[in-house]
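Survey of secondary and tertiary structure
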Amino acid sequence: MLFCFYAAAIICLVITQTVIMASIPFFDSFYDILIPFIIYLGLFRSLRESLPVVLLCGFFIDGLSGGSFGLYSTTYIWLYICCKCVIRFFHAENRFILFVAVVLGVILQNAMFFGIFFILEPDGRQDIYIINFFQSQVICAFITGPFLLAGFKQVFTILDRRLYSERS
C-alpha cells in the first residue's frame, strides 16, 4: 500500500509541476517540486523504502522532459546521496538543515543543468536569462522549501499511523 501511495504522490507532484504550475505566470520559473520530496525521502525514510522511489521519480521526469535522458535521474540520485550523508553527521530534525536543504538541492540541480548547458552551448547566449531564472528559483526555495518539507513530513506521519494501526 505504501508504494501505491508513493506512485500516487509522484504522479500528483508531476502533474502539479508540469500542468498546473506551468500555466500560472508566477510559477513558471518555480523550482522542481520533486526536490523537497527527494530531500524528505533522503532525510526521513529508510534506504530500502526510498531508493526505488527516487529512481522512479528520476526516470519518470526524464521520460517527460525534453532534455537528455538521465539528467534528472542523476540529479535526484546525487541529491538523495547528499541527504543520506548529511544525516550521518547531523540530526534530520535540525531546523537549519530543514531550512537550507531545499535551497541547496535547487542549487545542486541548477549547477548540474548549467554544466550540461554550458557544455552543449559553449557560446552562452542566454546567460542573463539563466541567472535570473536561477535567482528566482533559489528565492522561491528559500521561502517555500521548509513548508513543503513540513507538509511531506505531516502527510507521512499520518500515513505511518494508519499503516501501523492497521497492522496492530
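First, a word on what this report is: a plain description of the structure on this page. Since this is a predicted model, take the numbers as computed values, not measurements.

Conventions we followed
- Every residue gets a number counted from 1 within its own chain, in the order that chain's sequence is written.
- Where local features are concerned, this predicted model is filtered to residues with pLDDT of at least 70; where side-chain atom pairs are given and counted, the filter is 80 or more; whole-chain, interface and lining totals use all residues.
- Hydrogens are left out, water is left out, and the side-chain values use all remaining heavy atoms of the structure.
- Pairs were defined over the aromatic rings of Phe, Tyr and Trp, the Trp ring being its six-membered one, requiring ring centres within 6.5 Å. Orientation was assigned from the angle between planes: stacked under 30 degrees, edge-to-face over 60, tilted for the rest.
- Helix and strand assignments follow DSSP, with helices taken as H or I runs no shorter than four residues and strands as E runs no shorter than two, numbered in order from the N terminus.
- Buried, partly exposed and exposed residues are distinguished by accessible area as a fraction of the type maximum, computed with a 1.4 Å probe on protein chains only: under 20%, between the cut-offs, and over 50%, respectively.
- A helix is expected to span 1.5 Å for every residue after the first.
- A residue's bend is the angle separating two fitted axes: one through the seven residues that end there, the other through the seven that start there.
- The working definition used for a salt bridge is a side-chain nitrogen of Lys or Arg within 4 Å of a carboxyl oxygen of Asp or Glu.
- Note on terminology: a nonpolar core comprises buried Ala, Val, Leu, Ile, Met, Phe, Trp, Tyr and Cys residues joined through side-chain atoms within 4.5 Å.
- In what follows, a contact means two residues having at least one pair of non-hydrogen atoms within 4.5 Å.

The tally for this structure, following the rule as stated, stands at 15 aromatic pairs. Their ring planes at 5° and their centres at 6.2 Å tell us that Phe59 and Phe69 sit as a pair that is stacked. Here the residue Phe59 occupies a position in helix α3 (residues 47-64), and Phe69 occupies one in the loop between α3 and α4 (71-89), the gap between them amounting to 10 residues. Using a relative accessible area of 45% as the deciding quantity, one classes Phe59 as partly exposed. On the basis of an interplanar angle of 55° and a centroid distance of 6.1 Å, the ring pair of Tyr72 and Tyr76 is categorised as tilted. Of the two residues, Tyr72 and Tyr76 both sit in helix α4, 4 residues apart, roughly one turn of that helix. The exposure class of Tyr72 is buried, given its relative accessible area of 17%.

In this model, helix α5 (residues 95-120) (26 residues) spans 38 Å end to end at C-alpha, consistent with the 38 Å of a helix rising 1.5 Å per residue. The largest bend along α5 reaches roughly 35° and is located at Ala101. For α5, the complete set of buried residues consists of Ile97, Leu98, Val100, Ala101, Val102, Val103, Gly105, Val106, Gln109 and Asn110.

The next thing to look at is the pattern of salt bridges. A side chain of one charge can pair with a side chain of the opposite charge if their charged atoms are brought near each other. If you walk through the whole model with that rule in mind, you get 2 salt bridges. Across the salt bridge formed by Glu49 and Arg45, the nearest N and O atoms sit 2.8 Å from each other. Judged by relative accessible area, which is 15%, Glu49 ranks as buried. A salt bridge links Arg45 to Asp160, with the nearest nitrogen and oxygen atoms 2.8 Å apart. Of the two residues, Arg45 is situated in the loop between α2 (34-44) and α3 and Asp160 in helix α6 (residues 127-167); the sequence distance between them amounts to 115 residues. In the salt-bridge network here, residues are joined through shared partners; they are Arg45, Glu49 and Asp160.

Core analysis: the largest hydrophobic core is formed by 42 residues, its most contacted members being Leu34, Phe37, Ile39, Leu41, Cys57 and Tyr76. Among the elements of the structure, α1 (2-23), α2, α3, α4, α5 and α6 are those that each provide at least two residues to this core. Excluding residues that lie within four positions of it along the chain, Ile39 makes contacts with Leu79, Cys83, Ala101, Val102, Gly105 and Leu149.

The residue Phe133 is located in helix α6 in this model. Separated by 79 residues in sequence, Phe133 and Val54 have C-alpha atoms that sit 25 Å apart. If we ignore the near neighbours within four places in the chain, the residues touching Phe133 are Asp28 and Ser29.

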